[in-house]
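Commentary on secondary and tertiary structure
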Amino acid sequence: MTGVDVEIDVQVVETSSLGDRSYLAHDGRVAVVVDPQRDIDRILALAGRLGVRITHVAETHLHNDYVSGGLALARVTGARYLVAAADEVGFERTPVADGDEVAMSDSMRLRVVAAPGHTFHHLSYVLDGPDGPVGVFTGGSLLFGTTGRTDLLGQRHAHTLAEQQHASVRRLADLLPDGAQVWPTHGFGSFCSATQSDAPASTIGRERQVNPALRLETDAFVTEILAGLDAYPAYYAHMGARNVDGAALIDLTPAHRADPAELRGRIGAGEWVIDLRSRKAFAHRHLTGTLSFGLDGPMSTWLGWMAPWGAPITLLGESEQQVADAQRELARIGIDRPAATATGGPDGWAAGEEHHIAALTTATFVDLAAARAGTVPPGLPAPDAVLDVRMGNEWRSGHLDDAVHLPLPELPARLDEVPAGTVWVHCGSGYRAAAASSLLQRAGRQVVHLDDAYANAAHAGLTIVDDKETS
């Protein structure tokens, strides 16, 4: 096969629940996989559908937001596993460094480019086809309209890494033509991103126009990126070490099934028993003492952040598939096996005992405005306090007058700081407020879940305070 006969194709493997992308690039015969998630069955199935053989697996960096499937994929396929030579790891790999070139075939190769910033040893990989560079796999370096955050290795390194991030992005832009595609791993909701993605795809030329790293000088960029950083999930502390050691094959076989008596025992022991149904279904009817982390939202991120690391987690779903999907998502962040599972609905989980069934009162910002004006809507308890569980940057950009701020991840450890009386809880869309309301309800508090978009608060006539001070 000659070069002119070959077209390089890059397939995106989306992991929207974590805000990440993995990639499979091939020439019709062989393939390289970049930054695979832990559930490698998706990658193997894709390669099978395409009829290509995976010969190389490449990591841009040792990830902080998920357990990598790279080592397992390389072992299953016999592929060469490309990992930064400067990273000290506990497994056999093919060490690569700046300037190395790796040929997958006569028509496809990778050029290794050092791109420190997100981590000290971060790499990017330029993908060359028969006619030159097609694009670049940038990992956590150059993202769509932003860059990877630089504080994941500790605040003491954040400034230095931000300077390196600026230089790395500029080097990539200098190396590549405007038409080269940019393929980042992070930036689609991932907390590894300094800010969130502003586009579904991009090129070097577009990034020259919109990316702060390519528009601002070093000092201005560093100031801007560091000022915009907010908290990141607590489970990140465990991902790096797991990836240094190298993760084994994922186990997605069905977990232990719990009967109603066991569920009551786990709830009574204060364990995290998770209702995966939608928050509306939870509000209508749920097993008393369970917590709302619907699979229709970023369940793994918030649950993994809030639950004590290593604590037993029980998953309740409407179907076997819902539980299996949740088990897959949790395994991606190192929560390998749920302690127990159950399927069906509240009536079955409670064995028909109505006193084990609860509901969650919901309201809107229009209801809150009416209550604050002295006219509490029928069926709703008057609010003694309004709790905002959004993150710090969200709060500082504007919040309800007289609201109390406790970011959702901090709530389990700060329940005693929630004001007494009936608490109305809100977030940005309703998802996080459902989790917070269920935590408060489990603690015996009277709570109303404001299941509404925060943008509607001002439209309802509520006073918004633009406050730049840290709460």
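This text follows the structure it describes.
To start, this report covers the structure provided alongside it. The structure displayed is predicted, hence computed values, not measured ones. (Residues numbered from 1 in each chain as written. Predicted model: local features only at pLDDT ≥ 70, side-chain atom pairs only at ≥ 80, totals over all residues. Heavy atoms only, no water.)

**A look at the overall build of the chain**
- Within the chain one finds 16 helices and 24 strands.
- Taken over C-alpha atoms, the radius of gyration comes to 24 Å for the chain, in line with the 23 Å a tight globule of 471 residues would show.
- Within the span of the chain, comprising 471 residues, buried residues form 56% of the whole.
- Of the contacts formed within the chain by residues at least 6 apart in sequence, a portion of 68% connects residues at least 24 apart.
- Summed over all atoms, the accessible surface of the chain reaches about 18,300 Å², with 50% contributed by carbon and sulfur.
- For the chain, the distance from the average site of its 37 positive side-chain charges to the average site of its 59 negative ones is 2 Å. (Helix = DSSP H or I, 4+ residues; strand = E, 2+ residues; numbered from the N terminus. Rg over C-alpha atoms; globule rule 2.2 N^0.38 Å. Buried < 20%, exposed > 50% of the residue type's maximum accessible area, 1.4 Å probe, protein only. Contact = heavy atoms within 4.5 Å. Areas by Shrake-Rupley, 256 points an atom, 1.4 Å probe, with all protein chains shown as cover. Lys, Arg positive; Asp, Glu negative; His and termini not counted. Charge placed at Lys NZ, Arg CZ, Asp CG, Glu CD.)

**Comments concerning the pattern of salt bridges**
- All told, the structure shown has 28 salt bridges when counted by the stated rule.
- With its nearest N and O atoms 3.2 Å apart, the salt bridge here joins Glu14 to Arg21.
- By relative accessible area, Glu14 is classed as partly exposed at 37%.
- On the basis of relative accessibility, which here comes to 11%, the residue Arg21 falls in the buried class. (Salt bridge = Lys/Arg side-chain N within 4 Å of Asp/Glu carboxyl O.)

**Quick notes on the packing of aromatic side chains**
- Applying the stated criterion to the full structure yields 11 aromatic pairs.
- Here Trp302 and Trp305 contribute two aromatic rings whose centre-to-centre distance is 5.3 Å and whose plane-to-plane angle is 0°, an arrangement assigned as stacked. Taken as a pair, Trp302 and Trp305 lie in helix H10 (residues 299-306) at a separation of 3 residues, close to a single helical turn. Like Trp302, the residue Trp305 is buried in the burial classification.
- Ring pairs connect the aromatic residues Tyr23, Phe137 and Trp183, which therefore count as one cluster.
- Residue placement shows Arg390 over the ring face of Tyr454; its charged tip is 4.1 Å from the ring centre. (Phe/Tyr/Trp six-rings, centres within 6.5 Å; stacked < 30°, edge-to-face > 60°. Lys NZ or Arg CZ within 6 Å of the ring centre and 35° of its normal.)

**A look at the pairing of strand S4 (residues 53-58)**
- With 5 of 6 residues buried, S4 is to be regarded as a mostly interior element.
- Of the strand pairs in this sheet, strand S3 (residues 30-34) and S4 are connected by 5 bridges, and their pairing is parallel. The partner of Val34 across the bridge, within S4, is Ala58.
- Note on the crossover from S3 through helix H1 (residues 41-50) to S4: the handedness is right-handed.
- In the sheet, S4 pairs with strand S5 (residues 80-84) via 3 bridges, with the strands oriented parallel. Bridge pairing in S5 links Val57 to Tyr81.
- Crossover S4 to S5 through helix H2 (residues 70-77) is right-handed. (Pairing = 2+ DSSP bridges. Right-handed = clockwise from strand over helix to strand, strands pointing away.)

**Topic: the sheet that holds strand S8 (residues 109-114)**
- If you walk across this open sheet you meet the 5 strands as S7-S8-S9-S10-S11, and the pairing is mixed. Of all strands in the sheet, those bounded by a partner on one side alone are strand S7 (101-103) and strand S11 (181-184). Neighbour to neighbour, the strand axes of the sheet diverge by 25° on average, direction disregarded.
- The pairing of S7 with S8 spans 3 bridges and is antiparallel. Bridge assignment links Glu101 to a residue of S8, and that residue is Arg111. (Axes fitted to C-alpha atoms, helices over the stretch in contact; angles between N-to-C directions.)

**A short note on a nonpolar patch on the surface**
- A contiguous nonpolar surface patch, about 260 Å² in accessible area, is contributed by Leu44, Val76 and Leu249.
- With respect to the element layout, Leu249 can be found in the loop between helix H7 (236-245) and helix H8 (260-268).
- Take Leu249: its relative accessible area is 55%, and that puts it in the exposed class. (Patch = residues over 30% accessible without salt bridge, like charges linked within 9 Å, V, L, I, M, F, W, Y side chains within 5 Å.)

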